[in-house]
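Breakdown of the fold
The lines below spell out each chain.
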Amino acid sequence: MVKVNERVFKAMSDGTRRRILELLKTGPKTAGEIADHFPHAQPTISRHLSVLKHADLVVDRREGTHIVYRLNTTVLQEWLAWLLEHFGSDDRDGEA
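Residues numbered from 1 in each chain as written. Predicted model: local features only at pLDDT ≥ 70, side-chain atom pairs only at ≥ 80, totals over all residues. Heavy atoms only, no water.

Comments concerning the overall build of the protein chain
- Across its full length, the protein chain holds 5 helices and 3 strands.
- Mapped from its N terminus to its C terminus, the protein chain presents α and β elements in the order α-α-β-α-α-β-β-α.
- For the protein chain, the proportion of its 96 residues judged to be buried stands at 33%.
- Within the protein chain, contacts between residues separated by at least 24 positions form 52% of all contacts whose residues are at least 6 apart in sequence.
- Accessible surface computed for the protein chain: about 6500 Å², of which carbon and sulfur atoms make up 51%. (Helix = DSSP H or I, 4+ residues; strand = E, 2+ residues; numbered from the N terminus. Buried < 20%, exposed > 50% of the residue type's maximum accessible area, 1.4 Å probe, protein only. Contact = heavy atoms within 4.5 Å. Areas by Shrake-Rupley, 256 points an atom, 1.4 Å probe, with all protein chains shown as cover.)

Quick word on helix α5 (residues 73–87)
- For α5, with 15 residues, the first-to-last C-alpha span of 20 Å sits near the 21 Å given by 1.5 Å per residue.
- Packing partners of the buried residues in α5 comprise α1 (6–12), α2 (15–24) and β3 (66–71). (Expected span 1.5 Å × (residues − 1).)

Below, the structure written as structure tokens:
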């Protein structure tokens, strides 16, 4: 059984961080490109990215003067598998 990191739950509990993950599913983006999608100040987005990185949901790499972020799909897949294992439908006469 996969032990899910508690930091993933913390990271996924925030709507802004979930939206950042949605943006990154279309491909890698710089912090500035991500920030352009939010009304928040750049330092706020940087803090959200730091939480996501600490939870291993995103990875970053430096390209010149920019830091480019991308999804770490392995951690996302493990988290989703854990959720389905523990909270997935058990098909009991259509009960949720």
